[in-house]
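# Results of the structural survey
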Amino acid sequence: MNAEIYAFDPQPGVSVALGPGLTRILAPNPSPMTFRGTNTYLVGTKDLAVIDPGPNCVDHAKAILNALRPGQSISHIMVTHAHTDHSPLAKHLSHDTGAPIYAFGGPKSGRSLIMQELAAKGFAGGGEGVDAAFAPDRLLAEGDTVIGSDWVLEAIHTPGHFGNHLSFAWGNSCFVGDHVMGWASSLVSPPDGDLTDFMASCKKLSNHKWQTFHPGHGSPVTEPNARLEWLINHRTSREKEILHALHLEPAAAHDLARQIYTDTPAALISAATRNVFAHLVDLFSKNKVKTNGELHARAIFELL
């Protein structure tokens, strides 16, 4: 990670004006998976939309409410996806403000058929923390718009990191949650994540010429289309590494992760293994690999 990325180090709980009608507040939940913590965004100048309230943290809830200026109120709560670092505070913030919660659906919404099958059989393995109790008040589908007094947000369904993942277009900027981040590539962990969907979502976003991406973690992405191209190429390169390793001998996801992610700290190998498994499921769907039995996280994979 280079110095420019590390330079993003705002103080948790302090509101930062990013431009007219846009404020960011960092949640106090840093970790190897969340970088400095979750970015919560406030959009508007009068009736505000809160995007990704963040984890269930009393101090962060207070920070969001303390960021309001005289005459301002929270009218909408928007959630990109139901991971525990993004969505749990929505319920409490809704209770305190009366604002409804908008999202694609609950934590199992938007899963592809193959991920539904993996989950039903219990074959997918671990993953990031899922907010199992998350239940939005209003459902948003692809292309739906939410309108405030001086803002419009358009929902873009971007499954991949999570089945119910939405991005929110705001003019030529977009709030991309965990689909695109400047500090790291996104984790794709079955059954909540699906690499086939992730790549399709990257290509969908690439169809628009964006000015800025505001991610769920880290600093704004100022060259968003270039970042999307990097993500696509990164995943394509990873696929080639997996296919090369399987050309030498059949292997399981955890063996492939240790071969390929040679510079990854030991604490993150389990996450790397889930990423590899996501690639293997994608390759299985494309009839490029097969297993020695049923498709699951510990299966041995070989080339077709």
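Residues numbered from 1 in each chain as written. Predicted model: local features only at pLDDT ≥ 70, side-chain atom pairs only at ≥ 80, totals over all residues. Heavy atoms only, no water.

### Thoughts on empty space enclosed by the protein
Test applied: Lining residues are defined by having an atom within 4 Å of a point belonging to a cavity or pocket. Those points lie on a 1 Å grid over the protein atoms alone, cavities being sets where a 1.4 Å probe fits but cannot get out and pockets being open sets with protein on both sides within 12 Å along at least five of seven lines. Grid points are joined across faces, edges and corners, and a volume is the space filled by probe spheres set on the points. Classification used: nonpolar for Ala, Val, Leu, Ile, Met, Phe, Trp, Tyr, Cys and Pro, charged for Asp, Glu, Lys and Arg, polar for all others including Gly.
Under the counting rule described, the total for this entry stands at one cavity of 30 Å³ or more. What lines the largest cavity is a set of 13 residues, among which R111, G163, D192, D194 and D197 lie closest to the centre. Residues that form the lining of the largest cavity fall into these classes: four nonpolar, five polar and four charged.

### A word on the environment of H217
Stated precisely, the cut-off is as follows: Going along the chain from the N terminus, every DSSP run of H or I of four or more residues is numbered as a helix, and every run of E of two or more is numbered as a strand. A 1.4 Å probe rolled over the protein chains alone gives each residue an accessible area, and that area as a share of the maximum for its type sets the label: buried under 20%, exposed over 50%, partly exposed in between. Note on contacts: a residue pair is in contact if any heavy atoms of the two residues lie within 4.5 Å. Here a polar contact is recorded for every N or O atom pair within 3.5 Å, except that within protein the pair must consist of a potential hydrogen donor and a potential acceptor, and residues adjacent in sequence are included only if both atoms are side-chain atoms.
Examined against the element boundaries, H217 turns out to sit in the loop between strand 12 (212-215) and helix 6 (224-248). In this structure H217 comes out as buried when scored by relative accessible area, which is 1%. H217 sits 179 residues away from T38 along the chain, and the two C-alpha atoms are 5.3 Å apart. If sequence neighbours within four positions are ignored, H217 has contacts with T34, G37, T38, N39, D85, H86, D178, M181 and W183. Looking at H217, its side chain comes within polar contact range of the side chain of D85, at 3.1 Å. Among the polar contacts listed, one links the side chain of H217 to the side chain of D178, at a separation of 3.2 Å.

### Concerning the packing of helix 5 (residues 195-206) against helix 6
For clarity, the threshold we go by: Axis lines are fitted to C-alpha atoms, over the contacting stretch for helices. Their N-to-C directions set the angle, which ranges from 0 to 180 degrees. Our angle categories are set so that under 35 degrees counts as roughly parallel, over 145 as roughly antiparallel, 65 to 115 as roughly perpendicular, and the remainder as oblique. Each crossing gets its hand from how the near helix is turned against the far one by less than a right angle, where anticlockwise is left-handed and clockwise is right-handed.
At a minimum axis distance of 9 Å, the contact between helix 5 and helix 6 shows a crossing angle of 155°. By the criterion of interaxial angle, the relationship of helix 5 to helix 6 is roughly antiparallel. Remark: the crossing between helix 5 and helix 6 carries left-handed chirality. Together, L195, F198, M199, C202, K203, L205 and S206 of helix 5 and N225, L228, L231, I232, R235 and T236 of helix 6 make up the contact between the two elements. Grouping the amino acids of the contact of helix 5 with helix 6 by side-chain chemistry returns eight nonpolar, three polar and two charged.

### Let's talk about the pairing of strand 11 (residues 173-177)
Heads up, the rule is: In this analysis, strands are considered paired if DSSP registers two or more bridges between them.
Of all five residues in strand 11, five are buried, a share of seventy percent or more. Side chains S173, F175 and G177 project from strand 11 onto one buried face, and the interleaved C174 and V176 project onto a second face that is buried too. Bridging between strand 10 (residues 166-170) and strand 11 involves three bridges; their strand directions are antiparallel. By the bridge assignment for strand 11, F168 is matched with F175. Two elements, strand 11 and strand 12, share four bridges in a ladder whose sense is parallel.

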